[in-house]
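A closer look at the structure
So the chains spell out like this:
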Amino acid sequence: MSAPKVLAIVLAGGEGKRLMPLTAARAKPAVPFGGTYRLIDFALSNLVNSRYLHVVVLTQYKSHSLDRHIARTWRMSPLLGNYVAPVPAQQRRGPHWYLGSADAIYQTVNIIEDERPDYVVIVGADHVYRMDFSQMVDAHIESGADFTVAGIRQPISLSDQFGVIDADPTQPDRIRAFLEKPTDPEGLPDSPHEILASMGNYVATAGPLLEALQADADNPTSKHDMGGDIVPYFVEKGSCGVYDFIRNDVPGSTDRDRDYWRDVGTLDMYYDAHMDLIAVMPVFNVYNEEWPLHQGLITNPPAKFIHSEEGRLGHAADSVVSPGVIVSGATVTGSVLSPGARLHSWSTVSDSVLLDRVQINRHAQVHRAILDKDVVVSEGARVGIDREHDLARGFTVTESGITVVAKGTVIE
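Residues numbered from 1 in each chain as written. Predicted model: local features only at pLDDT ≥ 70, side-chain atom pairs only at ≥ 80, totals over all residues. Heavy atoms only, no water.

Thoughts on the overall build of the chain
The criterion, for reference: Strands here are runs of E lasting at least two residues and helices are runs of H or I lasting at least four, both read from the DSSP assignment and numbered beginning at the N terminus. Each radius of gyration is computed over the set of C-alpha atoms, and the globule rule expresses the reference value as 2.2 Å times the number of residues to the power 0.38. Here's how the labels work: a residue is buried when its accessible area is under 20% of the maximum for its type, exposed when over 50%, partly exposed in between, all with a 1.4 Å probe on protein chains only.
What the chain contains, in helices and strands, is nine helices and 32 strands. For the chain, the C-alpha radius of gyration of 22 Å lies close to 22 Å, the compact-globule estimate for 412 residues. When the backbone C-alpha atoms are referred to their principal axes, the chain occupies close to 70 × 50 × 40 Å. A burial count over the chain gives 54% of its 412 residues as buried.

Side note on the pairing of strand β4 (residues 54-59)
Consecutive side chains of a regular strand alternate in pointing toward one face of the sheet and then the other. Selection rule: DSSP calls a pair of strands paired once it identifies at least 2 bridges connecting them. The path from the first strand over the helix to the second decides the hand: if it runs clockwise while the strands point away from the viewer, the crossover is right-handed.
A large share of β4 lies buried, amounting to five of its six residues. The sheet contact formed by strand β1 (residues 6-12) and β4 spans five bridges and is parallel. Residue pairing for β4: L11 is matched across the bridge by L58. With six bridges joining them, β4 and strand β5 (residues 83-88) adopt parallel strand pairing. Residue pairing for β5: V55 is matched across the bridge by V84. The handedness of the β4 to β5 crossover, carried by helix α2 (residues 64-73), is right-handed.

Here we look at the sheet that holds strand β22 (residues 342-343)
Judged by pairing direction, the sheet is parallel, and its six strands sit side by side in the order β14-β19-β22-β25-β28-β32 without closing on themselves. Lying at the two open borders of the sheet, with one neighbouring strand each, are β14 (304-306) and β32 (410-411). Sheet topology places strand β25 (residues 359-360) next to strand β28 (residues 376-377); two bridges connect them, and they run parallel. Residue pairing across strands places I360 opposite V377, the latter belonging to β28.

Describing the side chain of S143
Put simply, the test is: Side-chain atoms alone can form a polar contact between residues adjacent in sequence; in general such a contact is a pair of N or O atoms within 3.5 Å, and within protein one must be able to donate a hydrogen while the other accepts it. Whether two residues touch is decided by their heavy atoms; if any such pair falls within 4.5 Å, the residues are in contact.
Tracing the sequence through the fold places S143 in helix α5 (residues 133-143). Reaching out from S143, the side chain makes a polar contact with the backbone nitrogen of A145 at a distance of 3.1 Å. Ignoring any residue separated from it by four or fewer positions in sequence, one finds S143 in contact with T148, D173 and R174.

Quick word on the environment of T409
Examined against the element boundaries, T409 turns out to sit in the loop between β31 (403-405) and β32. Note on T409: relative accessible area 22%, which makes it partly exposed. Beyond its immediate sequence surroundings of up to four residues, T409 is in contact with D374, V375, V376 and F395.

Comments concerning the pairing of strand β11 (residues 194-205)
Most of β11 is tucked away, with 11 of its 12 residues classed as buried. Bridge count for strand β6 (residues 119-124) against β11 is four bridges, and the pairing is antiparallel. The partner of I122 across the bridge, within β11, is Y202. Here strand β8 (residues 147-155) runs beside β11; their pairing, made up of eight bridges, is antiparallel. Residue pairing across strands places I152 opposite A197, the latter belonging to β11. Where strand β9 (residues 163-168) and β11 come together, two bridges link them in antiparallel fashion. Each bridged residue has a counterpart across the sheet, and for I165 the counterpart in β11 is L196.

Take a look at the structure:
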């Protein structure tokens, strides 16, 4: 049998209000991550590694940097008909922008009709994980479901933060009910202390998906959301399947990171996901060469560490240091340094995330902070040391005490 024809749709129009100020000038999927990546690179890498090479990216909110990144990085072979194409909101179905994730697909349904795929893979663009989507597509076809939701096992105590999948005990691959942020769900039969939370990744048979999108568009009470409206539509029909992410076997993965998935929807989650990268045995391993994470051509020179005299040693420990970084007589611990960062003598950076071209001048101190691109920390300045002082200067400080400084700020 020939391989099924699959179209991939990436939902990348999210505003990301909970990531402000990192999303003040960019869409959430365009937020830098892990030194050399952007959040969307994880979804696109997973799709391309799964050999799904017809990909459209639906954009809307402040999409310029996202569109530019896709155009520069994700260039496929036109000779073979492969592509990753950003598609902006176009008001094809009425004088309004996307009303929700389901409406985003409905308004671009012409792409599905033109491609005529057998199946459609629909994924979000703002999660950090590895996944072989071909295994989920195979499971979807085998189950005979019209629509399949990927589920990630999470502690039952976190159930009120997710859409929770209630599988049918008599048909474990079918969803009996989809519960939106429940407070007292049942645990899994094989793990009573866990639930299956929706990952926001779906596989749909093309024909039934088009019917569902049309029915949703015709429903005046719908919020036009994939999780809130389309999933319940298929559940009610008895044709909604579930795919347990723990079954996904990505080449090169280990028991430690095989089912890693992080929603980086808040600043604290974003920070925590970075800290997952820098452990000696990282919870999420970006060095898996069997399932590479693509981020485009790095044109920066190698990282450089200078000065080795007593009291002025340029070094970094337990950290990720990107190309183009210069650590000049500075001390770095437990941090992620993005391309072009400059750290000058007698400065210290600890437990922090520095985005591109951040400048840390002499004797400055940065602790438990996220500094957006082009932030300049002046000589002797301190960030993340005094919460009240940071708040008084207009910086964002999260509940866990992470100080976040907006792009281009000069900290005196």
